[in-house]
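Structural characterization, general
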Amino acid sequence: MRKLIQIAVLSTMAVTGAAWADIKIAVLDYQMALLDSDAAKKYAVDSEKKFAPQLNKLKALESDAKRLQDRLMKDGEKMQQAEYERLELELKQKARDFQVQSQDLNEAKAMADNEVLQILKPKLDKAVEEVLKAGNYDLVIDRGAVVDVKPQLDITLRVIERMNQMR
């Protein structure tokens with residue numbers, strides 16, 4: 001009986017091993033494929049230009065607040081109470097302005113990012129589908145789930161190339 005079980009286990013392993021040998025596996029870094037595409041890189045440059053004025057305003061506010069804070073720390077004890085309170089109030093107002101403008105910038109940037117993602121995601125999905133079909137892959141694993149992979153199994157660059165060819 002024991003011999004029969006060993007034969008059954010060995011034959012199952014042989015069949016399973018043969019089946020695994022025929023499976024074509026690929027690894028894909030989906031996020032890298034999206035972010036390294038020409039369209040995403042162009043958006044990053046355009047976005048930086050578009051939001052630069054708001055970012056510069058934030059930097060100026062931050063600089064002004066820092067200057068006020070430094071002055072309060074350095075000369076606060078020497079100032080008259082009215083002057084100290086005026087500067088403290090001005091600092092609080094700049095901090096509020098910074099917070100509001102920062103939140104507005106983050107929301108505007110997130111909306112713009114989302115709009116671009118809505119355009120790029122279908123292109124990326126199509127590029128992935130075309131590369132998978134051309135390579136006749138049976139199994140695709142996300143790069144984040146893999147510890148190490150041989151470069152020839154990583155199809156990310158092929159997906160990026162395919163996406164860049166699409167218009």
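Residues numbered from 1 in each chain as written. Predicted model: local features only at pLDDT ≥ 70, side-chain atom pairs only at ≥ 80, totals over all residues. Heavy atoms only, no water.

1. Details of helix α4 (residues 81-135)
Its 55 residues give α4 an end-to-end C-alpha distance of 76 Å, which sits within 8% of 81 Å, the value for a rise of 1.5 Å per residue. L120 marks the point of greatest bend in α4, at about 30 degrees, and the proline P122 comes within the next four residues. (Helix = DSSP H or I, 4+ residues; strand = E, 2+ residues; numbered from the N terminus. Expected span 1.5 Å × (residues − 1). Bend = angle between axes of the 7 residues up to and from the residue.)

2. What to know about the packing of aromatic side chains
Using the criterion set out here, one finds zero aromatic pairs in the structure. When the ring centre of Y137 is taken as reference, the NZ or CZ atom of K24 above it lies at 5.1 Å. (Phe/Tyr/Trp six-rings, centres within 6.5 Å; stacked < 30°, edge-to-face > 60°. Lys NZ or Arg CZ within 6 Å of the ring centre and 35° of its normal.)

3. Considering the pattern of salt bridges
Tallying each qualifying case throughout the model produces 11 salt bridges. Here K94 makes a salt bridge to D64, at a shortest N to O gap of 3.8 Å. Of this pair, K94 sits in helix α4 while D64 sits in helix α3 (residues 38-75), placing them 30 residues apart in sequence. E130 is paired through a salt bridge with K126; the nearest N and O atoms lie 2.8 Å apart. One end of the pair, E130, and the other, K126, are both in helix α4, four residues apart, so they sit about a helical turn from each other. Using a relative accessible area of 24% as the deciding quantity, one classes E130 as partly exposed. Via salt bridges that share partners, R71, E83, R86 and E90 belong to a single interconnected network. (Salt bridge = Lys/Arg side-chain N within 4 Å of Asp/Glu carboxyl O. Buried < 20%, exposed > 50% of the residue type's maximum accessible area, 1.4 Å probe, protein only.)

4. Quick word on the nonpolar core
By size, the foremost hydrophobic cluster in this structure holds 22 residues, and its most contacted members are L120, L124, I155, V159 and M163. Ranked by residues supplied to this core, first place goes to α4 with eight residues. Setting aside residues no more than four positions away along its own chain, M163 makes contact with A33, L34, S37, L120, K123, L124 and A127. Judged by nonpolar contacts, the second largest core, of six residues, contains A65, L68, L72 and L91. (Core = buried A, V, L, I, M, F, W, Y, C linked by side-chain atoms within 4.5 Å. Contact = heavy atoms within 4.5 Å.)

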